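Report on the structure
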Amino acid sequence: MNVAVRKKLLPANPCAGVECRVKVKGLFRPHYVGWSEQQRIEFQVPEYLRNIIRIITESGLRVYKELMPMKKEQVDLENAVVWIPDSKTPNGIAEVPLTDLAVDAFRQQIRIAGPGPWVFPSDENPTGQRTLKTVWHATLRQATVPYFRIYDLRSTYATRLSAGGVADEWVTQLLRQGDAKVFKKYSQMKLQTKREALQKINRKANESWTGFDTGKVN
């Protein structure tokens, strides 16, 4: 039709406003880890993996690019920050603030890491980077939790920030993303969090107050 329009055989394409239905495969839907589910998973894991879970859900660090190759010299527990010298994006190179829970997890991990330079040393890999695929699968199976990617712990961090009332632009900053649009994929579970909050609604609140008028709620 467009060719016919260009050749002036038709005044206009009658199908120009028609949108074709597109079937989307593999839509990215990160898994949100609830606190009770996180505790159930942590109960099944070795100490180093428990530390990884807590660090990522409390700081949003990228697991393989930033956390696993980390050296002890990058960790400043006194000031509650870690330095990321290399990352997926230029914005990822930064000092990352830590919560008290993350500081404690780093402290515990450094304690068990031994005398070497790596925070997560590996007997098989001299660069200090552990592989987590096998242990992660086994952990979720033992905890009877359906499989999800360990990277989704970063999505959980973003969702918890949003649920806590942190503005989207600040969540983007804390994720160290250059494009605010990228934040959307990390906060897709925001609606689920809101639904969970709705389950706690008190439908009998203020019933003793006779002046309450349900027809005047704004």
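Let me sum up the structure you'll find in this document. What you see is a predicted model, and the numbers here were worked out from it, not measured in a lab.

**Observations regarding the packing of helix 3 (residues 47-59) against helix 6 (residues 133-142)**
Describing two packed helices takes the angle between their axes plus the distance from one axis to the other. Put simply, helix 3 and helix 6 touch, their axes get as near as 12 Å, and they point 85° apart. Classified by the angle their axes make, helix 3 and helix 6 are roughly perpendicular. Between helix 3, through Y48, L49 and I53, and helix 6, the contact on the second element is made entirely by V135, W136 and T139. Split by residue class, the contact of helix 3 with helix 6 holds five nonpolar, one polar and no charged.

**A word on the nonpolar core**
Ranked by internal contacts, the top residues of the largest apolar core, which has 33 residues, are I52, L67 and F106. For this core, the secondary structure elements donating two or more residues are helix 3, helix 4 (63-67), strand 2 (81-84), helix 5 (100-113) and helix 6. With six residues, helix 3 is the single largest residue contributor to this core. Those residues in contact with L67, other than ones at most four positions away along the chain, are I52, I55, I56, L61, R62, F106 and F120. The next biggest cluster of nonpolar side chains, apart from the first, holds five residues, and it includes A158, L161, V171 and L175.

**Thoughts on helix 3**
Here helix 3 spans 18 Å end to end across 13 residues, near enough to the 18 Å set by a 1.5 Å rise per residue. Of all 13 residues in helix 3, ten are buried; the element is thus mostly enclosed. Within helix 3, burial applies to Y48, L49, N51, I52, I53, I55, I56, T57, E58 and S59. Of the surrounding elements, those touching the buried residues of helix 3 are helix 2 (35-42), helix 4, strand 3 (94-97), helix 5, helix 6 and helix 7 (152-163). Residue G60 follows helix 3 closely and has a positive phi angle near 75°.

**Side note on the environment of T139**
On the secondary structure map, T139 appears in helix 6. Each C-alpha atom, one on T139 and one on P46, is 9.1 Å from the other, the two residues being 93 residues apart in sequence. Among the polar contacts made by the side chain of T139, one reaches the main-chain carbonyl oxygen of V135 at a distance of 2.8 Å.

**Remarks on the packing of aromatic side chains**
For the structure on display, the rule yields one aromatic pair. Look at W136 and F148: their rings are 5.4 Å apart centre to centre, the planes differ by 85°, and that puts the pair in the edge-to-face class. One end of the pair, W136, is in helix 6; the other, F148, is in the loop between helix 6 and helix 7, with twelve residues separating them in the sequence. Accessibility assignment for this pair places W136 and F148 in one class, buried.

Cut-offs applied
- Residues numbered from 1 in each chain as written.
- Predicted model: local features only at pLDDT ≥ 70, side-chain atom pairs only at ≥ 80, totals over all residues.
- Heavy atoms only, no water.
- Axes fitted to C-alpha atoms, helices over the stretch in contact; angles between N-to-C directions.
- Helix = DSSP H or I, 4+ residues; strand = E, 2+ residues; numbered from the N terminus.
- Parallel < 35°, antiparallel > 145°, perpendicular 65-115°, else oblique.
- Contact = heavy atoms within 4.5 Å.
- Nonpolar A, V, L, I, M, F, W, Y, C, P; charged D, E, K, R; others polar.
- Core = buried A, V, L, I, M, F, W, Y, C linked by side-chain atoms within 4.5 Å.
- Buried < 20%, exposed > 50% of the residue type's maximum accessible area, 1.4 Å probe, protein only.
- Expected span 1.5 Å × (residues − 1).
- Polar contact = N/O pair within 3.5 Å; in protein donor to acceptor, adjacent residues only side chain to side chain.
- Phe/Tyr/Trp six-rings, centres within 6.5 Å; stacked < 30°, edge-to-face > 60°.

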